[in-house]
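So you can see what is in the structure, the chains are spelled out below.
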Amino acid sequence: MRVTVFGASGAIGRLVVQQLLDDGHQVTALVRTPAKLALTHSHLTVVARQLSDRDAVEQAVSGADAVISALGPSLKRSTTGTQVTDGTRTIVQAMEAHEVTRFIGLATPSLADPRDRPHWKHKVLPVAAGLMFPNALAELKGMTEAVTGSDLDYTIARITNPTNKPATGRIRSGFLGHDKVASAMTRADIAAFLVAQLTDTRYRRAMPAISN
């Protein structure tokens, strides 16, 4: 498949790109600083532009079969603005313009899925995030609503505690209050889950929580 990746230079994004290349996909990655991606491959095209560059986003999305976004808000308390929300809106608009329907992205259980049942994470995580990372929480809501409010065929994986441990290959997924989903998950397994959604139809237009 031809897959466009946003957030490709981040800790999870780099693993997503590598997994896609290992699986034989054609990858286009839009990154602000190509050196941070630190990957070269005959099946990898790097677009060195800002997420705010609408023409570059359209160029990256054009001709894709799917988009994977590893974008996430900054956890620095000094960060202000809505760069990630605005960027996600630009991605959605570019996908709609080029008739690319499949979107795979990330969020946290601070945001609920309609399939969830009442769960302690719905109470604790939004309060904690609001106190510690208010701008990040606002960005998370904004970027998610930009996708879920569209007609895109999306899957947004909700993660809680990503780690740098080696991949385990053991992935739990489902909805809070229904399924046994924990909190910690290796970034390598998160990347593997995102890539698997290219062909997995279980979570179409849904936000499953995932963990090891």
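Residues numbered from 1 in each chain as written. Predicted model: local features only at pLDDT ≥ 70, side-chain atom pairs only at ≥ 80, totals over all residues. Heavy atoms only, no water.

## Some points on the overall build of the protein chain
Across its full length, the protein chain carries seven helices and 10 strands. Taken over C-alpha atoms, the radius of gyration comes to 16 Å for the protein chain, in line with the 17 Å a tight globule of 212 residues would show. Based on the C-alpha atoms only, the size of the protein chain along its principal axes is roughly 45 × 35 × 30 Å. Per-residue burial over the protein chain gives 47% buried out of 212 residues. Taking as baseline every contact in the protein chain between residues at least 6 positions apart, the subset at least 24 positions apart corresponds to 71%. Summing over all exposed atoms, the protein chain offers an accessible surface of approximately 10,300 Å²; the carbon and sulfur share of this is 51%. Distance from the positive charge centre (24 side chains) to the negative charge centre (18 side chains) of the protein chain: 10 Å. (Helix = DSSP H or I, 4+ residues; strand = E, 2+ residues; numbered from the N terminus. Rg over C-alpha atoms; globule rule 2.2 N^0.38 Å. Buried < 20%, exposed > 50% of the residue type's maximum accessible area, 1.4 Å probe, protein only. Contact = heavy atoms within 4.5 Å. Areas by Shrake-Rupley, 256 points an atom, 1.4 Å probe, with all protein chains shown as cover. Lys, Arg positive; Asp, Glu negative; His and termini not counted. Charge placed at Lys NZ, Arg CZ, Asp CG, Glu CD.)

## A closer look at helix α4 (residues 83-97)
Between the first and last C-alpha of α4 there are 21 Å, a value that for 15 residues agrees with the 21 Å anticipated at 1.5 Å per step. Those residues of α4 that fall on the buried side of the exposure criterion are Val84, Thr85, Gly87, Thr88, Thr90, Ile91, Val92, Ala94 and Met95. Two residues or fewer past α4, Glu99 is found with a positive phi of approximately 55°. (Expected span 1.5 Å × (residues − 1).)

## Describing the packing of aromatic side chains
Counting across every chain of the model gives two aromatic pairs. Between Phe175 and Tyr203, the ring centres sit 5.8 Å apart and the planes meet at 75°, which makes this aromatic pair edge-to-face. Placement of Phe175 in the loop between β8 (172-174) and β9 (184-186) and of Tyr203 in the loop between α7 (187-196) and β10 (209-211) is noted, with a sequence separation of 28 residues between them. Of the two residues, Phe175 and Tyr203, both sit in the buried class. Ring centres of Phe193 and Tyr203 lie 6.4 Å apart, and the angle between their planes is 40°; this geometry places the pair in the tilted category. Of this pair, Phe193 sits in helix α7 while Tyr203 sits in the loop between α7 and β10, placing them 10 residues apart in sequence. Overall, Tyr203 belongs to the buried group, its relative accessible area being 7%. Feature note: the residues Phe175, Phe193 and Tyr203 constitute an aromatic cluster, connected by ring pairs. (Phe/Tyr/Trp six-rings, centres within 6.5 Å; stacked < 30°, edge-to-face > 60°.)

## Describing the packing of α4 against helix α6 (residues 134-148)
Taken N-terminus to C-terminus, the directions of α4 and α6 make an angle of 10°; their axes are 8 Å apart at the nearest point. Our classification of the angle between α4 and α6 gives roughly parallel. On the side of α4, the interface is formed by Gln83, Val84, Thr85, Thr88, Arg89 and Val92, while α6 contributes Ala138, Glu139, Gly142, Met143, Ala146 and Val147. Of the residues belonging to the contact of α4 with α6, the class tally is six nonpolar, four polar and two charged. (Axes fitted to C-alpha atoms, helices over the stretch in contact; angles between N-to-C directions. Parallel < 35°, antiparallel > 145°, perpendicular 65-115°, else oblique. Nonpolar A, V, L, I, M, F, W, Y, C, P; charged D, E, K, R; others polar.)

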